[in-house]
Amino acid sequence: MTGFATCPGIVIITLITSLISIPVKAEIWTNEISDVQYGRIGSNVTLLCSASRNGSAVEWRLNGTRVASSFAVLQNGNLILTNSDSTMEGNYSCHDKKGQLLRATALRLGYGPALLRIHCIAANYYSICCSWEQNVKTFLPTEYISTFRHASKASETCHQDFFRTNVCTIKNPKNWHSSYVVNITEVNPLGSTFTLSRIQFLDIVKPDPPERVSAEPVHGSPRRLRVYWEYPATWPKESSFPLRFQVQYKPMESRSWSVVEATHLTTELTDVLAGHFHIIQVRAMDLLGNGNWSEWSTEIKALPWLEPTPKPEESESSTQSHTENTDHSSTSESKVESEEQYEKLALLVSLGSLGGVFLALLAFFYHFDLGKT
């Protein structure tokens with residue numbers, strides 16, 4: 001839990017903070033070196049004209065223009081800005097009667113440090129990454145001191161990234177089952193404040209999303225898709241802490257997701273909608289259930305296997321072949337019918353010839369009998 005204003009201990013922390021002075025590059029904030037002065041918005045800010053002697057008359061200018069008396073009071077050569085706001089920022093200069101420059105000061109206004117919002121996460125078991133945000137934007141140059149401790153151990157440095165001033169890393173945490181206390185101190189020219197955040201290591205484990213997610217159709221199966229992925233680069237695959245996975249998928253037109261579990265780096269979806277593109281995502285979690293699920297991987301799209309349709313050339317060829325086969329068949333049938341007709345005709349001719357011979361024989365014997373008579 002983060003030590004925000006809801007915690008009773010904050011009152012004590014604030015009192016302690018008011019007694020602590022942390023010199024972090026304080027030299028860059030001193031008037032003597034930089035001629036930059038910082039003030040708190042809403043307060044009265046006094047600008048000194050140290051070259052003014054015996055309260056002699058001076059003139060103050062803001063960005064080269066004489067300062068209006070409506071928001072400033074001149075006292076012994078010094079300029080007092082009442083109830084300051086961001087519009088009063090700028091380059092102030094005081095001049096003597098002759099207009100000679102006596103002193104120049106750049107005024108920057110903002111707020112003092114306040115409690116921070118701290119968030120810690122472990123993308124693996126080998127490091128904890130903590131980041132923080134301001135609850136109050138100070139508008140002033142700010143630096144941070146980050147430390148941590150666990151159990152009764154002494155404080156150690158939480159290593160900050162040179163390019164990201166609001167991030168630090170606890171390297172190789174040694175006790176996974178104990179809690180850690182992270183201390184982030186915010187320092188600016190108006191003071192310093194620290195914020196404490198207590199974390200339980202196993203509760204903040206959260207892998208990064210799986211990488212290189214891909215999918216392919218299963219040949220001959222219009223309702224199947226095979227999905228592949230890889231471990232996130234931040235989670236060593238060879239480690240003693242394997243991951244388990246969830247795959248969610250849905251047709252592009254649908255609002256409802258289907259989810260399947262997997263322990264390997266591939267799985268086969270068996271109930272996808274045939275002929276439709278699907279959206280697929282994968283997420284990961286420690287196999288033993290410690291910590292949290294990762295975020296979902298980037299969406300990918302995949303289309304299940306489609307039965308191939310014949311090409312136009314093949315269709316025409318098939319039609320022509322069918323026509324030729326039909327013509328050939330018709331010709332064969334006509335030929336068979338003709339042969340049958342020829343056979344019948346030959347049979348009739350043969351029967352007719354046989355009948356003529358028989359009649360001729362009958363006529364012969366008939367005449368022969370008449371002659372005998």
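All of the points below concern the structure found in this document. (Residues numbered from 1 in each chain as written. Predicted model: local features only at pLDDT ≥ 70, side-chain atom pairs only at ≥ 80, totals over all residues. Heavy atoms only, no water.)

### Things to note about the overall build of the protein chain
At step 1: Across its full length, the protein chain holds 3 helices and 23 strands.
At step 2: Within the protein chain, the proportion of its 373 residues that are buried is 33%.
At step 3: Considering only residue pairs separated by 6 or more positions, the protein chain has 62% of its internal contacts joining residues 24 or more positions apart. (Helix = DSSP H or I, 4+ residues; strand = E, 2+ residues; numbered from the N terminus. Buried < 20%, exposed > 50% of the residue type's maximum accessible area, 1.4 Å probe, protein only. Contact = heavy atoms within 4.5 Å.)

### As for the environment of Met-252
At step 1: In this structure, Met-252 sits in the loop between β19 (243-251) and β20 (258-262).
At step 2: Once the C-alpha coordinates of Met-252 and Phe-277 are considered, the two residues, 25 residues apart in sequence, prove to be 6.0 Å apart.
At step 3: Once residues within four sequence positions are removed from consideration, Met-252 is found in contact with Phe-277, His-278, Ile-279 and Lys-301.

### A closer look at the pattern of salt bridges
Two side chains with opposite charge may pair up if their charged atoms get near one another.
At step 1: Per the stated rule, a full pass over the model turns up 10 salt bridges.
At step 2: Arg-66 is paired through a salt bridge with Glu-59; the nearest N and O atoms lie 3.9 Å apart.
At step 3: Glu-59 gets classed as partly exposed once you look at its relative accessible area, which sits at 24%.
At step 4: Arg-117 serves as the salt-bridge partner of Glu-133, at 2.6 Å between the closest nitrogen and oxygen. (Salt bridge = Lys/Arg side-chain N within 4 Å of Asp/Glu carboxyl O.)

### Description of the sheet that holds strand β6 (residues 78-81)
At step 1: With respect to topology, 3 strands assemble into an open sheet ordered β2-β6-β5, the strand pairing being antiparallel. Each end of this open sheet is capped by a strand with a single partner; those strands are β2 (45-47) and β5 (72-75). Neighbour to neighbour, the strand axes of the sheet diverge by 25 degrees on average, direction disregarded.
At step 2: Pairing geometry for β5 and β6, over 4 bridges, is antiparallel. (Pairing = 2+ DSSP bridges. Axes fitted to C-alpha atoms, helices over the stretch in contact; angles between N-to-C directions.)

### Digging into the sheet that holds strand β16 (residues 191-200)
At step 1: Spatially, 4 strands are ordered β12-β11-β15-β16 in an open sheet, and the strand pairing comes out antiparallel. Every other strand in the sheet has two partners, leaving β12 (156-157) and β16 as the edge strands with one partner each.
At step 2: Across 8 bridges, the pairing between strand β11 (residues 143-150) and strand β15 (residues 179-188) is antiparallel. Across the sheet, Phe-148 pairs through a bridge with Val-182, a residue of β15.

### Focus on the pairing of strand β22 (residues 278-286)
At step 1: Most of β22 is tucked away, with 9 of its 9 residues classed as buried.
At step 2: Here 9 bridges tie β19 to β22, and the two strands are oriented antiparallel to one another. Looking at β22, one finds that Phe-245 is bridged to Ala-284.
At step 3: Alignment of β22 against strand β23 (residues 300-302), held across 3 bridges, turns out to be antiparallel. Residue pairing for β23: His-278 is matched across the bridge by Ala-302.

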